[in-house]
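# Descriptive analysis of the structure
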Amino acid sequence: MADAGTRLVADKRAWFKFDDQVILFDSSAGGKGASGGFVYAGGLIDTNLYLETLNSQEGTSQPVPPNLRDCRFNICPKLQYAAQRALERSHDNAGKVSGNSMAQKEEAAHLEDTNNMNEFMRMAGEPVFYGITVQLRHTASGKFLTLMRSRANVDTTALKLEVVEGGEENSWWKIMPA
């Protein structure tokens, strides 16, 4: 029988880990003759997300999207954005904020960026469990999967998903069982 330390090591291998790459696949996507679809983003210029539906082909057991690189997302820890948002609000009100206050906010935003990078490095390789909040960073563009406050282009009853530079609070996703 394995001791608790051995079980913990075995459990770490069984879970997704921070900085792992994942591909988002919707098995219900498409219609007749389709075998699901992969979520992808061009990301470098275009912030939209797309669903690449795949038609079943005889002799293929697992369909693969045309460009798998555009489908990959890294699992990242929940990053903080309060100081960055405060700095953005100060830039919006540039005439109303003193130079000293602006410098303090810039320093706070820089410290927040440093803390976010340290948190990312600290969490890399740690297991991801149900109930934890994560961010998904598009591997090719470095942008974060983000829920926008506007309606989706295709299904107007749904909110839009985009990949956004730097991320924000709407880039936080809670891992839940299906």
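In what follows, the structure referred to is the one given above.
Parameters and conventions
- For every chain, the first residue of the written sequence is number 1, and numbering continues from 1 along that sequence.
- Residues qualify for local features only when their pLDDT is at least 70, as the model is predicted, and side-chain atom pairs are given and counted only at 80 or more; totals for whole chains, interfaces and linings, by contrast, use all residues.
- Water and hydrogen atoms were dropped before computing side-chain values, which therefore reflect all heavy atoms in the structure.
- By the criteria applied, helices consist of DSSP H or I runs no shorter than four residues and strands consist of E runs no shorter than two, each listed in order from the N terminus.
- Categorising residues by exposure relies on relative accessible area from a 1.4 Å probe, with only protein chains included: less than 20% of the type maximum marks a residue as buried, more than 50% marks it as exposed, and the intermediate range marks it as partly exposed.
- Only heavy atoms enter the contact rule, under which two residues are in contact if any of them lie within 4.5 Å.
- In these tables, accessible area is a Shrake-Rupley quantity obtained with a 1.4 Å probe, and a residue counts as shielded only by the protein chains included in the view.
- We define a nonpolar core as any set of buried Ala, Val, Leu, Ile, Met, Phe, Trp, Tyr and Cys residues linked to one another through side-chain atoms lying within 4.5 Å.
- Any two of the Phe, Tyr and Trp rings considered here, Trp counted by its six-membered ring, make a pair once their centres fall within 6.5 Å; the pair's planes then place it as stacked at under 30 degrees, edge-to-face at over 60, or tilted in between.
- Both a distance and an angle decide whether a charge sits over a ring: NZ of Lys or CZ of Arg must be within 6 Å of the ring centre and within 35 degrees of the ring normal.
- Salt bridge, as applied in this entry: a Lys or Arg side-chain nitrogen positioned within 4 Å of an Asp or Glu carboxyl oxygen.
- In protein, a polar contact requires one atom able to donate a hydrogen and another able to accept it; more generally it is a pair of N or O atoms within 3.5 Å, and residues adjacent in sequence count only if both atoms are side-chain atoms.

What the chain contains, in helices and strands, is three helices and nine strands. Secondary structure elements of the chain, listed N to C terminal, follow the sequence α-β-β-β-β-β-α-α-β-β-β-β. Buried residues in the chain amount to 29% of all 178 residues. Partitioning the intrachain contacts of the chain with sequence separation of at least 6 by distance along the chain shows that 62% fall at a separation of at least 24. Total accessible area on the chain is roughly 11,500 Å²; 54% of this is exposed by carbon and sulfur atoms.

As a further point, take the side chain of Asp70. Along the chain, Asp70 falls in the loop between β4 (49-55) and β5 (72-77). The exposure class assigned to Asp70 is buried, which follows from its relative accessible area of 14%. Beyond its immediate sequence surroundings of up to four residues, Asp70 is in contact with Val39, Tyr40, Ala41, His138 and Ala140.

Before going further, it helps to spend a moment on the nonpolar core. Within the largest apolar cluster, 13 residues are counted, with the highest numbers of intra-cluster contacts made by Phe18, Leu49, Phe73, Ile75 and Leu136. Sorting the residues of this core by element identifies β3 (34-41), β5 and β6 (133-138) as the ones contributing at least two each. Contacts of Ile75, omitting those with residues within four sequence positions, involve Phe16, Lys17, Phe18, Asp19, Asp20, Val22, Val128, Val134, Gln135 and Leu136. Grouped together as the second largest cluster of nonpolar side chains are five residues, Cys76, Leu79, Tyr81 and Phe120 included.

As a further point, take the packing of aromatic side chains. On inspection of all chains with the given rule, the structure shows two aromatic pairs. Summarising the aromatic geometry, the rings of Phe25 and Phe38 are spaced 4.8 Å apart at their centres and angled 65° between planes, so their arrangement reads as edge-to-face. With Phe25 in strand β2 (residues 25-26) and Phe38 in strand β3, the pair connects residues that are 13 residues apart, well separated along the chain. The cationic tip of Lys78 hangs over the ring face of Trp172; the distance from NZ or CZ to the ring centre is 4.2 Å.

With that settled, consider the side chain of Asn116. Tracing the backbone shows Asn116 in helix α3 (residues 99-123). Beyond its immediate stretch of four places on either side in the chain, Asn116 contacts Leu79 and Gln80.

This part takes up the pattern of salt bridges. Enumeration according to the criterion identifies four salt bridges in this entry. We note a salt bridge from Glu88 to Arg85, for which the minimum N-O separation is 2.8 Å. Of this pair, Glu88 and Arg85 are both found in helix α2 (residues 82-92), three residues apart, which corresponds to roughly one turn of the helix. The salt bridge partner of Lys160 is Glu162, with a shortest N-O separation of 3.5 Å. Accessibility assignment for this pair places Lys160 and Glu162 in one class, buried.

This paragraph deals with the environment of Asp46. On the secondary structure map, Asp46 appears in the loop between β3 and β4. Judged by relative accessible area, which is 27%, Asp46 ranks as partly exposed. Put simply, Asp46 and Glu162 are 116 residues apart on the chain and 8.9 Å apart in space, counted from C-alpha to C-alpha. A polar contact is formed between the side chain of Asp46 and the backbone nitrogen of Asn48, at a distance of 3.0 Å. A polar contact of 2.4 Å, which involves the side chain of Asp46, links it to the side chain of Tyr50.

Here Lys105 lies in helix α3. Taking C-alpha positions, Lys105 is 5.5 Å from Leu87, a pair spaced 18 residues apart along the chain. Setting aside residues up to four positions removed in sequence, Lys105 forms contacts with Ala86, Leu87 and Ser90.

Right, let's talk about unusual backbone geometry for a bit. Of note, Asp19 is a non-glycine position whose phi angle comes to about 80°, a positive value. Along the chain, Asp19 turns up in the loop between α1 (4-14) and β1 (21-23). Looking at Asp19, the relative accessible area reads 33%, which means it is partly exposed.

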